[in-house]
Amino acid sequence: YKEVPKGFPIPGKTYDYDASQTIDLEKAPLNGGVLFKVLVVSVDPYMRRKMQEPGTDFYLGLYNVGEPLNGWAVSKVLRSENPAMKPGDIVYGLFPFQEYVISHPDPTMRVLENKEKLPLYKYVGICGMPGITAHHGWMEYAHPYLKKGDVVFVTAASGAVGSIIVQLAKAEGCKVIASAGSEEKVEFVRSLGADVVFNYKTVSTREVLKKEGPVNVYWDNVGGESLDAALEFAAQKAHFVICGMISSYNTEEPYNVKNLQQLVWREITFHGFLFLSLQEKYTEDFYKTFPPRVASGELKYKDDVVHGLENAGKALLDVLSGKNFGKCSVVVADE
Ligand code: NDP
């Protein structure tokens with residue numbers, strides 16, 4: 001990570017290899033820690049928020065210029081001096097974007113059971129942070145308020161979080177309106193069971209919601225004009241689950257929401273949330289239920305798998321500009 005980007009982060013042309021950073025895998029001192037081989041890293045929209053000028057406040061902290069990016073990842077334990085992990089364990093957690101890491105187990109890390117023998121990239125996608133976000137946020141802020149037949153609107157609906165929300169909403173008997181940014185994505189979201197799917201780049205969100213609403217629950221992944229349209233066509237006492245606002249992550253100026261008055265007239269509740277705050281309440285249930293539902297095919301998911309750590313920068317730019325199709329992960333090495 002070489003400098004704080006302005007607008008979209010543009011990856012460097014070369015992949016720097018720093019010989020002074022190599023380690024002897026057999027002999028490197030672990031000092032009571034663990035030697036990990038990084039297998040898969042996750043590329044997610046929030047990473048852009050960690051690329052800010054020092055001093056800017058962000059709940060996950062900022063990336064330091066001159067250091068590797070880090071993020072959710074799956075790694076294999078090669079050597080361990082810590083009783084919590086043994087060689088061969090497959091571990092999910094926050095890791096730097098590099099091939100090998102020596103560190104101490106921390107509270108973000110979890111040894112995966114993977115009884116279903118899913119491909120490991122699933123554990124940074126539907127069985128990792130995006131799945132956790134969808135599951136926990138849905139259980140806490142949508143499920144308790146819904147009645148059968150209620151209208152749920154989901155944006156970025158082909159993506160890592162949105163595609164799960166479509167399926168959770170359909171499983172509750174809701175009418176699902178969903179938007180995505182290309183015809184191919186629209187087709188995919190339709191195949192997940194959404195009732196009304198449209199390309200927000202070619203069809204007016206306002207017109208769709210005017211015809212198909214009013215909206216009882218809005219799952220917001222993008223903010224901006226979609227949020228404004230959802231406010232305009234919200235049902236009385238609607239619930240808005242504010243998961244993300246990707247449309248403003250790369251803009252210098254924030255978007256000014258025009259229809260905020262609707263919060264009063266329609267008695268709308270906004271639930272801004274971070275999955276981390278819901279971990280304790282829902283994570284054990286998530287790991288019990290999601291991997292089997294994925295393995296059985298009950299939950300469908302599209303993975304956008306990139307190979308080679310040197311392609312992680314471009315992968316992030318693709319996610320931020322909507323070129324990804326499905327959950328983006330980067331396979332760094334085979335087991
Ligand atoms: P996705 O896999 O959905 O990828 C991002 C997608 O956002 C793109 O593919 C693109 O889809 C869409 N997008 C990009 N730019 C814009 C834009 N200007 N306007 C509208 N849509 C845009 O990402 P995730 O599922 O990982 O993340 C979805 C949201 O959830 C993000 O806002 C993220 O920050 C948030 N999030 C929040 C968490 C929490 O704890 N609250 C945790 C994890 C994620 P398209 O082509 O359809 O436009």
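Nothing here was measured: the structure is a model prediction, and the numbers come from that model.

1. A few points about unusual backbone geometry
For step 1, the next point in the chain: For the peptide bond that leads from Gly213 to Pro214, omega is 0°, which places it in the cis range.
For step 2, the next point in the chain: Relative to the helices and strands, Pro214 resides in the loop between helix H4 (205–212) and strand S9 (215–220).
For step 3, the next point in the chain: Unlike most non-glycine residues, Asn114 shows phi in positive territory, near 45°.
For step 4, the next point in the chain: If you trace the backbone, Asn114 turns up in the loop between strand S5 (110–111) and helix H1 (129–141).
For step 5, the next point in the chain: Unusually for a residue other than glycine, Glu267 sits at a positive phi of about 50°.
For step 6, the next point in the chain: Its place among the elements puts Glu267 in the loop between helix H6 (262–265) and strand S11 (269–272).

2. As for the nonpolar core
For step 1, the next point in the chain: In terms of nonpolar packing, the biggest core is built from 87 residues, with Val40, Ile165, Val166, Ala178, Val189, Val215 and Ala230 touching the most fellow members.
For step 2, the next point in the chain: Both of domain 1 (19–125 + 303–331) and domain 2 (129–275) provide at least three residues apiece to this core.
For step 3, the next point in the chain: Setting aside anything within four residues of it in sequence, one finds Val189 in contact with Ala157, Ser158, Ser163, Val166, Ala178, Ala180, Ala194 and Val197.

3. Quick word on the sheet that holds S11
For step 1, the next point in the chain: Spatial strand order, S8-S7-S6-S9-S10-S11: six strands in an open sheet with parallel pairing. Strand pairing shows two members of the sheet lacking a second neighbour, strand S8 (196–199) and S11, which therefore form its edges. When strand polarity is set aside, the average angle formed by the axes of neighbouring strands in this sheet is 15°.
For step 2, the next point in the chain: Bridging between strand S6 (residues 151–154) and S9 involves three bridges; their strand directions are parallel. Within the sheet, the bridge partner assigned to Val154 lies in S9 and is Trp219.
For step 3, the next point in the chain: Relative to the sheet, helix H3 (residues 183–191) contacts strand S7 (175–180) and S8, its axis offset from that of S8 by approximately 170°.

4. Examining the site of the ligand
For step 1, the next point in the chain: Around the ligand, the surrounding shell holds 29 residues, and the nearest of these are Gly159, Ala160, Gly181, Gly244 and Gly322.
For step 2, the next point in the chain: Residues of the shell around the ligand, tallied by class, amount to 15 nonpolar, 11 polar and three charged.

5. Describing the packing of H1 against helix H7 (residues 275–295)
Packed helices, taken two at a time, are described by the angle between their axes plus the distance between the axes.
For step 1, the next point in the chain: The contact between H1 and H7 brings their axes to 8 Å, and the two run at 105°. As summarised for this structure, H1 and H7 are arranged roughly perpendicular, according to the angle between their axes. Residues Met129, Gly131, Ile132, Thr133, His135, His136, Gly137, Met139 and Glu140 of H1 pack against Phe275, Leu278, Tyr282, Thr283, Phe286 and Phe290 of H7.
For step 2, the next point in the chain: Here the contact of H1 with H7 is built from residues that sort into eight nonpolar, six polar and one charged.

6. Here we look at the pairing of S6
For step 1, the next point in the chain: Residues Val151 and Phe153 of S6 are buried on one face, and the alternating residues Val152 and Val154, pointing to the opposite face, are buried as well.
For step 2, the next point in the chain: Looking at chain direction, S6 and S7 are connected through four bridges and run parallel. Bridge pairing in S7 places Val152 opposite Val176.
For step 3, the next point in the chain: For the handedness criterion, the β-α-β arrangement of S6, helix H2 (residues 162–171) and S7 is classed as right-handed.

7. A short note on the domain arrangement of the protein chain
For step 1, the next point in the chain: What the domain assignment lists for the protein chain is domain 1 (19–125 + 303–331) and domain 2 (129–275).
For step 2, the next point in the chain: For domain 1 and domain 2, the distance between their C-alpha centroids amounts to 29 Å.
For step 3, the next point in the chain: Here the residues of the side of domain 1 that touches domain 2 are counted per class, giving six nonpolar, four polar and four charged.

8. Some words on the pairing of S7
Residues in a regular strand point their side chains to alternate faces of the sheet.
For step 1, the next point in the chain: For S7, a buried count of five out of six residues is recorded, marking the element as mostly surrounded by other parts of the structure.
For step 2, the next point in the chain: Inspection of the sheet shows S7 paired to S8 by four bridges, in the parallel sense. The partner of Ile177 across the bridge, within S8, is Val196.
For step 3, the next point in the chain: In this region the chain leaves S7, passes through H3 and returns to the parallel neighbour S8; the handedness of that crossover is right-handed.

9. A closer look at the environment of Lys302
For step 1, the next point in the chain: Mapping Lys302 onto the fold places it in the loop between H7 and strand S12 (303–307).
For step 2, the next point in the chain: Along the sequence, Lys302 and Lys122 sit 180 residues apart, while their C-alpha atoms lie 9.8 Å from each other.
For step 3, the next point in the chain: Setting aside anything within four residues of it in sequence, one finds Lys302 in contact with Ser158, Ser163, Phe188, Phe325, Gly326 and Lys327.

Conventions and cut-offs
Within any chain, residue numbers begin from 1 and follow the written order of that chain's sequence. Where totals are concerned, whole chains, interfaces and linings use all residues; where local detail is concerned, this predicted model gives features only for residues with pLDDT of at least 70, and gives and counts side-chain atom pairs only at 80 or more. Helix and strand assignments come from DSSP, with helices taken as H or I runs of at least 4 residues and strands as E runs of at least 2, each series counted from the N terminus. To define a nonpolar core, we join buried Ala, Val, Leu, Ile, Met, Phe, Trp, Tyr and Cys residues through C-beta atoms within 7 Å and take the resulting set. To sort residues by burial, count the other C-beta atoms lying within 10 Å of each one's C-beta; a count of 20 or more means buried, 12 or fewer means exposed, and anything in between means partly exposed. C-beta atoms are built from the backbone. For the domain bounds, the source is a domain assignment made automatically or taken from a database. For the purpose of contact definition, each residue receives a C-beta atom placed from its backbone, and two residues are in contact when these atoms lie within 7 Å. Pairs of strands are assigned from DSSP output, requiring at least two bridges between the strands. Axis angles are defined between N-to-C directions and span 0 to 180 degrees, where every axis is a line fitted to C-alpha atoms and, for a helix, only to the segment in contact. All residues are tested the same way: a C-beta atom is placed from the backbone, and lying within 6 Å of a molecule or strand makes the residue near it. Residues are grouped as follows: nonpolar covers Ala, Val, Leu, Ile, Met, Phe, Trp, Tyr, Cys and Pro; charged covers Asp, Glu, Lys and Arg; every other residue, Gly included, is treated as polar. The scheme is simple: roughly parallel for angles under 35 degrees, roughly antiparallel for over 145, roughly perpendicular for 65 to 115, oblique for anything else. A crossover counts as right-handed when, viewed with the strands pointing away from the observer, the path leading from the first strand over the helix to the second turns clockwise.

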